[in-house]
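Listed below, chain by chain, are the residues.
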Amino acid sequence: MEHIVIIGNGIAGITVARNVRKQSDKRITVISAETDHFFSRTALMYIFMGHMTYQHTKPYEDWFWQKNRIELLRAYVERVDFSEKRLYFSQGEPLAYDKLILAVGSTPNKFGWSGQDLAGVQGLYSYQDLELLEENAQHAKQAVIVGGGLIGIELAEMLLSRNIKVTFLVREKAFWGNVLPKKESELISRHIREHHVDLRLGTELKEILPDANGRVNKVITSDGEEIPCQLVGLTAGVRPNIDFLKNSQLETDRGIKVNRFLETNIPDVFAVGDCAQFDVPPVGRRPIEQVWYTGKLQGEALANTLCGNRTKYEPSHWFNSAKFFDIEYQTYGWVHAQMQEDEADFYWEHADGKKALHFVFDKQTQQLKGVNTFGIRLRHEVFDQWFSEGQTITHALEYLKDANFDPEFFKKHEDEIVDKFNRENGTAIQPKGKSWKRILKAVMG
Amino acid sequence: MRENGFSIANPHPRQTDNVQKLGVAVAMMGLLPLFGTWAGINISGGWMLSLSIACILVGTAIYGVRTYLLVPEGIKNTANWFDPLTNRGLWGWAVGIVLTGFYILLYWFPEYLGLGQNGKTNSGLIHLFDPLSQFFKGQPASQWFMYGTLYTVAILALGIKFIYKYRHSRYHVVRTSVVMLSQFFLAYFIPEILEGLNVGAGSQYYGKDLKNFWPLNYYFFDGWHLDNMQKEGTWGMFFLVWGIIGFAVLTPIITYFVGKRWYCSWVCGCGGLAETAGDPFRHLSDKSMEAWKIERFLIHGVLAFVVLATGLLMYTYFTGKDFGFAINQYLFFALLIGAGLGVVLLYRKNNGFLPSQKVIWTTAVVVAFVILYFLVPNLNEGNSTIFFSSYNFKKWYGFFVGATFSGVVGVGFYPLLGNRVWCRFGCPMAGYMGLFQRFKSRFRITTNGGQCISCGNCSTYCEQGIDVRAYAQRGENIVRASCVGCGVCSSVCPRGVLKLENGPDGARLKDL
């Protein structure tokens, strides 16, 4: 029986395991040094804040693995012998594989800051990072977070939940400024400050300084300001966790190089999820995708391949979502931080400054290219259909009520939104009422 | 991980300011007369009860407004698993024991709450409620009047707090307002006023809560209840006809259109308490597959029990005949233990991969409890037979389900098993509506495409113990008999994945 060995029990690796099991009887082993069982990495913050316990973050109960004959191995892989097809661990006997799946995920970026390895300085990615944060938080009354992205703002929310004062250093002139357009970035910045975070835009970390015991006790910023703190969170992005694979026959760059079939340069070795780097990425997508659902989609494609049905990773239109403190964000299609030459846009913001909708479309053809939404939920399938059909901004606004996904009784803003567009563009679009028939057509495909 | 928030070394206590403290102090002062009289102190004068209720309402409102209005609106689940009240810690157990004790006294030993029996006047806690009862209907309070009043106060006070906590969601604001009004007017004010207006004069009591349909109101079809309604002209006949239409026509139709939530989280009294007073405990429900198996067995078992018990009583009522046979208690116990063993063995045979601890414990507790129920009085009386009859079936249902399950376990165990134990595992009304919701209804929780990140907030905060995530992460809609439509899964979802809605029933399941 063919032995499929998967290194990494995150969403990508586990998706491979589950889908191979659905289609075959192959022997499957999943190896992780992090935890015994698969858990949702995106939920780490909720454990720290006391919304959930670790148990709740496991998407499958513990009996699931035995029932589905997925062997779990808690071990740290030190070295892979690709020619012998063997894994060597920090402890114990080596393990032979027939096919190897590398789903090893990421590790926090460190950019060689002075003091980055002091006690009390840490990133946030793994379960062990969370345990470390628990310990570091015990010592902290003030914290500095470095890096204005999704993990940074989550860490800010986490620390505030323990009454730790947070100073948030963001290198860009705007929060998450390499992804969000200016107005959206400002909206989120206001909300961050509403939560009493000391947000410092356009400010970089220069140096982290220790106290007499070698623990962090202040940082110095690019402005030369000293900020006292007992905890520093380094959240300037993540990179593939592949140091143990460097200097082997495996071809790597920032990540493990793969083609669109998730195949590496070595036969029977594949890479999937955060750690995979496409030589030719899908149109409009990045070579490394560090998103929950892309790990899932890649895992599904790879499982097909492993079971004899060679399948290309072919994601549909881009989408994503996040939550910034209390404000939910969803995006469908592409809304870039900087609009491109051929693009026009339409932005609406609610009077309370916590809801916004931002459409981007083609100047010439009026074809819809993307939408950012804050504080209003939108139906994924409806936008997916509009992109596939090449619908225009006019169409999207006319049928916007179909796309609303807010809970019942919530205030609706479509009429106001379309009104604004009409005023700005001299159009006379009449929003149509919500139609289940159209919605179900989008959902059922 | 930090699990024990009771640590005195906790370096980051949650801060309460003076206004919050004032709110809690006022509410606690309102509770004082209740505990004082429960302990046997006699307080007369209507002003004390009014003051007590006013303090509870005002104090809770002050606390709620101050706690939630000063911070930006949003989900407020921080520290739920650190707080000893809400993580099955010391305070959780303490509150659970006090509540459970209260229910035991209420159902079986009301004299310890001060109920005057055999012509004696009330004292203690129940006496505190005499003036209000006199005001409504010119008679001293019963334990049920005291209970109904406190129940209503709890829903109103903690309902206000709930509304502030979830003020960002109009679904919760509307739903909670309706359930508070429903409790106050339909379950409390109107029935008490009707009693006071002497509706039912010349006859005995019958239920006047317009929304309390059979089978939740399990005595509706009892002979005495049917007689009492018929004896008393127009009003009685109205309640009789309304009760039948309510359960046979209205319930299925409304459940078809909007799901069972119209009842369970919008008008029901049990649901009202669970959603308001019980809200801090919603995450304690058990989400395991094993618990789901127990749930389906129990809730449909109770539904079958109430149908059988009611059917037998109706048979006796209309034919005047009672079946009736005696059985040796030890034979019965042996059969019961055999049945228990059978259940456990069958479960293990069919679910080899699932844990079976909870099934074994539940079965053992139920079997032992039933045996004790028969054995203790029989030993006292030197009797060794158990008599099966229509009347006794009903009596047993009243004891095991009506009192023990819905009251003692249902509310007493809020801080240990979550706020919907009764609604999920026992309520026959929920079981009845669940059949429609599962097989013929327009209600579903829609999953939004591929946005789910499997974080688990939805499952954790589902008071009915539904593993919502299991569906959401597959992109499937959630169609489950037990969903009471509280909408909290949708609220706590950080990615906007879940939406409660009514739509064409043919397309509820995306994979159809």
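Reading the values: the criteria
Residues numbered from 1 in each chain as written. Chains lettered and ligands numbered in written order. Predicted model: local features only at pLDDT ≥ 70, side-chain atom pairs only at ≥ 80, totals over all residues. Heavy atoms only, no water. Helix = DSSP H or I, 4+ residues; strand = E, 2+ residues; numbered from the N terminus. Rg over C-alpha atoms; globule rule 2.2 N^0.38 Å. Buried < 20%, exposed > 50% of the residue type's maximum accessible area, 1.4 Å probe, protein only. Domains from an automatic or database assignment. Contact = heavy atoms within 4.5 Å. Buried area = accessible area lost by both parts, 1.4 Å probe. Salt bridge = Lys/Arg side-chain N within 4 Å of Asp/Glu carboxyl O. Polar contact = N/O pair within 3.5 Å; in protein donor to acceptor, adjacent residues only side chain to side chain. Pairing = 2+ DSSP bridges. Phe/Tyr/Trp six-rings, centres within 6.5 Å; stacked < 30°, edge-to-face > 60°. Lys NZ or Arg CZ within 6 Å of the ring centre and 35° of its normal. Axes fitted to C-alpha atoms, helices over the stretch in contact; angles between N-to-C directions.

(A) The overall build of chain B, seen in detail. Across its full length, chain B holds 21 helices and 4 strands. Taken against the 2.2 N^0.38 rule, which gives 24 Å for 512 residues, the C-alpha radius of gyration of chain B at 24 Å falls within 12% of a compact globule. If one aligns the C-alpha atoms of chain B with their principal axes, the spans along those axes are about 60 × 60 × 50 Å. Looking at chain B as a whole, 56% of its 512 residues are labelled buried.

(B) Quick look at the domain arrangement of chain A. Residues and elements named next belong to chain A. Split into domains, chain A comes out as domain 1 (3-107 + 239-306), domain 2 (121-236) and domain 3 (319-444). Summarising the inter-unit geometry, the C-alpha centres of domain 2 and domain 3 are found 32 Å apart. Taken together, the contacts link 22 residues of domain 2 with 18 residues of domain 3. Interface area, domain 2 with domain 3, both sides summed: about 1,700 Å², of which 69% is carbon and sulfur. Three residues stand out in domain 2 for area buried against domain 3, namely Glu184, Leu187 and His191, and they jointly supply 31% of the buried area on that side. Run the count over domain 2 and domain 3 and you get 2 salt bridges. The shortest N-O distance in the salt bridge between lysine 354 and glutamate 194 comes to 3.2 Å. Linking domain 2 to domain 3 there are 7 residue pairs in polar contact (both at pLDDT 80 or more). Going through the elements one at a time, α5 (150-160) and α6 (182-194) are the ones with two or more residues in the side of domain 2 that touches domain 3.

(C) Quick look at the pairing of strand β22 (residues 327-333) of chain A. Residue and element names in this part refer to chain A. Here β22 lies mainly inside the structure; 7 of its 7 residues are buried. Inspection of the sheet shows strand β21 (residues 319-324) paired to β22 by 6 bridges, in the antiparallel sense. Its bridge partner lying in β22, serine 321 is registered against glutamine 330. As paired strands, β22 and strand β25 (residues 368-374) are joined by 5 bridges and run antiparallel to one another. When the sheet's bridge partners are listed, tyrosine 332 is paired in β25 with valine 371.

(D) View of the interface of chain A and chain B. Residue-level contacts link 65 residues of chain A with 66 residues of chain B. In this assembly, chain A packs against chain B so that about 5,300 Å² is buried in total across both faces, 53% of it on carbon and sulfur atoms. The largest share of the area that chain A buries against chain B comes from His51, Glu408 and Phe409 of chain A, three residues that together contribute 13% of it. At the junction of chain A and chain B, the tally comes to 3 salt bridges. Residue arginine 379 of chain A is joined to glutamate 501 of chain B by a salt bridge in which the shortest nitrogen-to-oxygen separation is 3.0 Å. With 6 residues, the single largest contributor to the side of chain A that touches chain B is helix α4 (residues 127-138) of chain A.

(E) Molecular detail of the pattern of salt bridges. One pass over the structure, following the stated rule, counts 49 salt bridges over all chains. Among the ionic pairs, arginine 190 of chain A bridges to glutamate 349 of chain A, the shortest N-O distance being 3.0 Å. Of this pair, arginine 190 of chain A sits in helix α6 while glutamate 349 of chain A is found in strand β23 (residues 343-349), placing the two residues 159 residues apart along the sequence. Classification of arginine 190 of chain A by relative accessible area gives partly exposed; the value is 42%. Taking relative accessible area as the criterion, glutamate 349 of chain A reaches 28% and is therefore assigned partly exposed. When salt bridges with common partners are traced through the structure, they connect Lys165, Arg175, Glu275, Asp279, Arg282, Arg420 and Glu463 of chain B into a single cluster.

(F) Structural view of the packing of aromatic side chains. Considering all chains together, one arrives at 89 aromatic pairs over all chains under this definition. Seen from their ring centres, tyrosine 107 of chain B and tryptophan 108 of chain B are 5.9 Å apart, and the 45 degrees between their planes marks the pair as tilted. Where tryptophan 214 of chain B meets phenylalanine 221 of chain B, the ring centres are 5.8 Å apart and the plane angle is 75 degrees; that geometry is what we call edge-to-face. Look at tryptophan 214 of chain B and you get buried, because its relative accessible area is 10%. Above the plane of the ring of tyrosine 88 of chain A lies arginine 79 of chain A, whose end atom (NZ or CZ) is 4.4 Å from the centre. Its guanidinium or amino end placed over the ring of tryptophan 292 of chain B, arginine 480 of chain B lies 3.6 Å from that ring's centre, counting from NZ or CZ.

(G) Representation of unusual backbone geometry within the structure. Following tryptophan 214 of chain B, the chain continues into proline 215 of chain B via a peptide bond in cis, with omega recorded as 10 degrees. In this structure, phenylalanine 325 of chain A takes a positive phi of about 55 degrees despite not being glycine. Examined against the element boundaries, phenylalanine 325 of chain A turns out to sit in the loop between β21 and β22. A residue is classified by how much of its surface remains accessible, and phenylalanine 325 of chain A, at 4% relative accessible area, is buried.

(H) Representation of the sheet that holds strand β19 (residues 269-271) of chain A within the structure. Residues and elements named next belong to chain A. Pairing is parallel in the open sheet, where 5 strands are placed in the order β3-β2-β1-β7-β19. Each having just a single partner strand, β3 (70-74) and β19 make up the two edges of the open sheet. On average, adjacent strands in this sheet sit at an angle of 20 degrees to one another, irrespective of strand direction.

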